[in-house]
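# Residue-level structure breakdown
Read off the chains here:
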Amino acid sequence: MIESYYFRFIYVPAPYSSEKLCNVLVECLMDWNIDTKLSTITLDNSSTNDKMVDKIKDKLHLGSLLRDETLLHMCCCAHVKT
């Protein structure tokens, strides 16, 4: 089994909004042709990111996602406050 890793750094000018971040991320996923191969997104625990994930779910074809037509949103353990 061949593992693939994708990294891309994109400058997104402030102020950030969930809509702006969603558009940039979805564009990257589609450019790489992995928008239908997605199963998990890991982000820090920002309320903007929570809203962004909801918008991403609206833009992607959930029926073609790997994980039973759902997208798993996880918070990065390094950013979770206890």
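Residues numbered from 1 in each chain as written. Predicted model: local features only at pLDDT ≥ 70, side-chain atom pairs only at ≥ 80, totals over all residues. Heavy atoms only, no water.

### Here's the deal with the overall build of the protein
Tallying secondary structure elements over the protein gives two helices and two strands in all. Shown N-terminal to C-terminal, the secondary structure of the protein runs as helices and strands in the order α-β-α-β. Pairs at least 24 residues apart make up 70% of the contacts formed inside the protein by residues separated by at least 6 positions. (Helix = DSSP H or I, 4+ residues; strand = E, 2+ residues; numbered from the N terminus. Contact = heavy atoms within 4.5 Å.)

### Section: the side chain of asparagine 49
Within the element layout of this structure, asparagine 49 appears in helix 2 (residues 47-59). Overall, asparagine 49 belongs to the buried group, its relative accessible area being 11%. Apart from residues lying up to four places away in sequence, asparagine 49 is in contact with Leu21, Leu43 and Asp44. (Buried < 20%, exposed > 50% of the residue type's maximum accessible area, 1.4 Å probe, protein only.)

### What to know about the confidence of the model for the protein
Model confidence for the protein is summarised by a mean pLDDT of 75, while 67% of its residues fall at 70 or above. Per-element mean pLDDT across the protein ranges from 58 in strand 2 (residues 72-75) up to 90 in helix 1 (residues 18-31). (pLDDT = per-residue confidence, 0-100.)

### Describing the pattern of salt bridges
In this structure the tally under the stated criterion is two salt bridges. Note that lysine 55 and glutamate 19 form a salt bridge whose closest N and O atoms lie 3.8 Å from each other. Of this pair, lysine 55 sits in helix 2 while glutamate 19 is found in helix 1, placing the two residues 36 residues apart along the sequence. Classification of lysine 55 by relative accessible area gives partly exposed; the value is 28%. Here glutamate 19 falls in the partly exposed class, since its relative accessible area comes to 36%. (Salt bridge = Lys/Arg side-chain N within 4 Å of Asp/Glu carboxyl O.)

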